[in-house]
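# A structural walkthrough
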Amino acid sequence: MKKDYKLPSLNDARARNKEVSQKLTFILDDRFKGIGEGKKYYIITHGCQANQRDSETMAGILDALSYTPCENEKQADVIIINTCAVRQGAEEKVLGEVGALKRMKTNNPDLIICIAGCMAQEEATVKLIMEKYRQVDIVFGTHNITSLPKLLYEVYTTKQRKIEVFSKMGEIIESVPVTRFMSHKAWVNIMYGCDKFCTYCIVPYTRGKERSRAREDIIYEVEELVAQGYKEVCLLGQNVNAYGKDISDEYGFGDLLDDVAKTGIKRIRFMTSHPWDFNDRMIEAIRNNSNIMPYIHLPIQSGNTGILKKMNRRYTREEYLELFDKLKRELPGFAFTTDIIVGFPNESDEAFEDTMSAVEHCQYDNAFTFIYSKREGTPAASFEDSIDRKTKEERLQRLNERVAYYANLNNQKFRDKIVEVLVDGISKRNSKVYSGYTPENKLVNFTGSDVKVGDLVKVKIKEVMSFSLNGELVEE
Ligand code: 5AD
Ligand code: SF4
């Protein structure tokens with residue numbers, strides 16, 4: 001079949017240059033205004049917080065075009081699936097979803113189906129979608145969100161399928177509309193992309209080079225959120241500790257934390273920290289500002305130096321544990337979580353035992369654990385792997401048991417304690433129960449009355465589970 005579209009290239013996406021990213025300002029072309037009049041949209045979001053925030057940008061753009069959101073895909077005139085490529089399982093789920101939309105497209109030929117996010121950056125996936133999933137009208141990449149008005153306009157006017165995926169991105173685009181999905185907690189991007197190139201990971205290819213936003217733009221965004229009544233911001237980056245390295249030798253993540261703290265926002269979180277870039281200046285900022293929450297997510301990935309080297313994580317087991325012990329010492333009362341991959345190519349029993357012993361050492365509050373998933377285009381995809389699936393699954397299960405044990409142990413110290421909870425909403429399981437998070441990021445379900453989303457309330461903990469706490473509202 002002759003192809004009349006340009007596929008993205010993971011190979012091109014690998015390239016990096018030292019140029020400082022240019023800042024552009026988003027302007028909505030008059031031609032596109034009002035194209036969504038009378039039409040509804042529905043966005044399905046997979047993956048990490050960066051995707052959640054990107055979906056809010058897509059919603060903001062669609063709202064600016066006069067589309068209105070709707071409750072489910074059946075009512076929609078435009079459906080966007082914002083995809084994740086970090087593991088095979090996430091990709092298969094999306095392809096299943098797209099397959100299921102085929103019937104809807106047959107019933108309603110005017111329906112526009114869009115694929116966005118990290119899968120759209122992958123050559124093989126886009127090829128597959130263009131050839132086998134003809135119900136998809138638009139494919140746009142992580143660097144092409146601001147082209148959405150143009151792409152929709154072109155589909156309406158030409159009735160042709162459109163694909164726009166830049167493999168590389170050197171710019172930062174500001175003043176893009178946003179419709180936030182929550183009214184009390186907000187995601188704030190502080191940087192985009194990743195230059196770490198862990199050998200298993202697709203993110204440096206799908207999200208491009210590390211680009212830090214100007215500190216003024218970040219502070220302004222947080223100040224506006226405070227003025228709008230937001231209680232919490234989560235500063236987002238694949239590797240927040242590298243903030244600023246691409247634009248300044250003087251101003252880093254520690255300085256940014258101090259400045260964000262000065263805005264007076266009640267709660268500050270950040271995601272994700274890479275151990276390599278964690279320095280004393282950051283510890284100082286975290287310790288000195290009471291509105292920075294006592295919670296650190298510090299991915300270890302493996303507890304074995306040989307595997308860490310093959311992963312290109314840039315630290316040894318000893319270096320990670322040393323940093324971890326220092327953080328524990330200098331930040332008492334903090335909760336710590338991590339990410340762990342089991343079954344990395346040729347991970348020996350001994351290497352896996354090193355991961356288990358690191359978990360025994362760190363006694364994490366929680367860990368997000370994954371079986372290694374081969375990502376085409378990454379270096380690890382060509383590593384030899386003789387470990388069978390069953391062994392990997394057994395390792396994951398053993399690991400999860402210990403993770404749950406320490407999660408439970410850490411939670412015990414909250415029994416009968418009064419904690420502060422930022423209320424997220426009504427529990428999915430019981431409408432008389434509210435839920436929210438403590439400063440340490442512990443999920444709390446509690447009973448009470450007259451509580452609203454966004455309230456900061458006091459709750460007495462009565463019951464402790466491994467991954468949540470139960471309590472009662474303390475009337476003040
Ligand atoms: N296979 C399994 N897990 C992965 N992660 C990233 N890439 C892969 C992969 N190829 C995990 C890492 C990372 C988290 C977001 O996802 O643990 O920290
Ligand atoms: Fe992936 Fe490593 Fe970058 Fe995290 S730091 S996004 S695991 S390459």
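Keep in mind it's a predicted model, so treat the numbers as computed, not measured.

### Describing the overall build of the chain
A tally of regular secondary structure across the chain gives 13 helices and 21 strands. In summary, the chain has a C-alpha radius of gyration of 23 Å against a globular reference of 23 Å for 476 residues, a match within 12%. Its C-alpha atoms give the chain principal-axis dimensions of about 60 × 60 × 45 Å. In the chain, which comprises 476 residues, the proportion classed as buried is 55%. When contacts within the chain are restricted to residue pairs at least 6 apart in sequence, those whose partners lie at least 24 apart make up 76%. Accessible surface computed for the chain: about 21,700 Å², of which carbon and sulfur atoms make up 48%. Of the charged side chains in the chain, 69 are positive and 71 negative, and the gap between their average positions amounts to 3 Å.

### Here we look at the domain arrangement of the chain
By a frequent convention, interface size equals the accessible area lost on bringing the separate parts together. Per the domain assignment, the segments making up the chain are domain 1 (10–164) and domain 2 (415–473). Domain 1 and domain 2 are separated by 36 Å when their C-alpha centres are compared.

### Side note on the sheet that holds strand E15 (residues 335–342)
Pairing in this open sheet of three strands is parallel, and the strands run E14-E15-E16 from one edge to the other. Two strands bound the open sheet, and with one partner strand each, they are strand E14 (295–297) and strand E16 (366–371). Between one strand axis and the next, the sheet turns through 10° on average, direction left out of account. For E15 and E16, the ladder comprises six bridges, and the chain directions are parallel. Counterpart to Thr 338 in the pairing with E16 is Ala 367.

### Quick look at the packing of helix H2 (residues 49–64) against helix H5 (residues 148–158)
Contact pair H2 / H5: the axes reach a minimum separation of 10 Å and the direction vectors enclose 55°. Relative to H5, the element H2 lies oblique. Judged by the twist between their axes, the crossing of H2 over H5 is right-handed. Of the residues in H5, those in contact with Met 58, Ile 61 and Leu 62 of H2 are Leu 148, Pro 149 and Leu 152. Of the residues contributing to the contact of H2 with H5, the split by class is six nonpolar, no polar and no charged.

### Quick notes on the environment of His 297
Tracing the sequence through the fold places His 297 in strand E14. What makes His 297 buried here is its relative accessible area of 4%. With 42 residues separating them in the primary sequence, His 297 and Asp 339 have C-alpha atoms 8.1 Å apart. Within the structure, His 297 has its side chain in polar contact with the side chain of Thr 337 (distance 2.7 Å). There is a polar contact of 3.1 Å between the side chain of His 297 and the side chain of Asp 339.

### Some details on the site of ligand 1
Ligand 1 sits among Val 86, Arg 87, Tyr 200, Gln 301, Asp 339, Ile 341, Phe 370, Ile 371, Tyr 372, Ser 373 and Arg 375. A distance of 3.0 Å separates a nitrogen atom of ligand 1 from a polar backbone atom of Tyr 200. A distance of 2.8 Å separates a nitrogen atom of ligand 1 from a polar backbone atom of Ser 373. Protein chains bury 85% of the 410 Å² of accessible surface belonging to ligand 1 in isolation. Of all the secondary structure elements, the ones that give two or more residues to the shell around ligand 1 are E15 and E16.

### Some remarks on the side chain of Arg 375
Relative to the helices and strands, Arg 375 resides in the loop between E16 and helix H13 (389–412). The class of Arg 375 is buried, set by a relative accessible area of 3%.

### Digging into the pattern of salt bridges
Scanning the entire structure with this criterion turns up 33 salt bridges. The network of salt bridges with shared partners includes Glu 174, Arg 180, Arg 213 and Glu 221.

### Here we look at the side chain of Asp 339
Considering the arrangement of structural elements, one finds Asp 339 in strand E15. Buried charge without a salt bridge: Asp 339, with Arg 87 as the nearest opposite-charge side chain at an N-O distance of 7.2 Å. Those residues in contact with Asp 339 that sit more than four places away from it in its chain are His 297, Pro 299, Ile 300, Gln 301, Phe 368 and Phe 370.

### Focus: the site of ligand 2
In the vicinity of ligand 2, the contacting residues are Cys 194, Lys 196, Phe 197, Cys 198, Tyr 200, Cys 201, Val 203, Pro 204, Gln 238, His 274 and Arg 313. Looking at the shell around ligand 2 residue by residue, the class counts come to seven nonpolar, two polar and two charged.

### Concerning the layout of surface pockets
In this structure, the second largest pocket spans a volume of roughly 440 Å³. Of all the secondary structure elements, the ones that give two or more residues to the lining of the second largest pocket are strand E17 (418–426), strand E18 (433–437) and strand E19 (443–447). When the residues that make up the lining of the second largest pocket are grouped by side-chain class, the tally is five nonpolar, seven polar and three charged.

### Some words on the packing of aromatic side chains
All told, the structure shown has twelve aromatic pairs when counted by the stated rule. Ring centres 6.1 Å apart and planes at 80° place the aromatic pair Phe 344 and Phe 383 in the edge-to-face group. Remark: Phe 383 occurs in the loop between E16 and H13 and Phe 344 occurs in the loop between E15 and helix H12 (349–362); sequence separation between them is 39 residues. Relative accessible area serves as the criterion here: at 0%, Phe 344 is assigned to the buried category. Relative accessible area serves as the criterion here: at 28%, Phe 383 is assigned to the partly exposed category. Members of the aromatic cluster, each reached through a chain of ring pairs, are Tyr 315, Tyr 320, Phe 324, Phe 336 and Tyr 364.

The rules behind the values
Residues numbered from 1 in each chain as written. Chains lettered and ligands numbered in written order. Predicted model: local features only at pLDDT ≥ 70, side-chain atom pairs only at ≥ 80, totals over all residues. Heavy atoms only, no water. Helix = DSSP H or I, 4+ residues; strand = E, 2+ residues; numbered from the N terminus. Rg over C-alpha atoms; globule rule 2.2 N^0.38 Å. Buried < 20%, exposed > 50% of the residue type's maximum accessible area, 1.4 Å probe, protein only. Contact = heavy atoms within 4.5 Å. Areas by Shrake-Rupley, 256 points an atom, 1.4 Å probe, with all protein chains shown as cover. Lys, Arg positive; Asp, Glu negative; His and termini not counted. Charge placed at Lys NZ, Arg CZ, Asp CG, Glu CD. Domains from an automatic or database assignment. Pairing = 2+ DSSP bridges. Axes fitted to C-alpha atoms, helices over the stretch in contact; angles between N-to-C directions. Parallel < 35°, antiparallel > 145°, perpendicular 65-115°, else oblique. Left-handed = near helix turned anticlockwise from the far one by under 90°. Nonpolar A, V, L, I, M, F, W, Y, C, P; charged D, E, K, R; others polar. Polar contact = N/O pair within 3.5 Å; in protein donor to acceptor, adjacent residues only side chain to side chain. Near = heavy atom within 4 Å. Salt bridge = Lys/Arg side-chain N within 4 Å of Asp/Glu carboxyl O. 1 Å grid on protein atoms, 1.4 Å probe; cavity = no way out; pocket = protein on both sides within 12 Å on 5 of 7 lines; lining within 4 Å. Points joined across faces, edges and corners; volume = space filled by probe spheres on them. Phe/Tyr/Trp six-rings, centres within 6.5 Å; stacked < 30°, edge-to-face > 60°.

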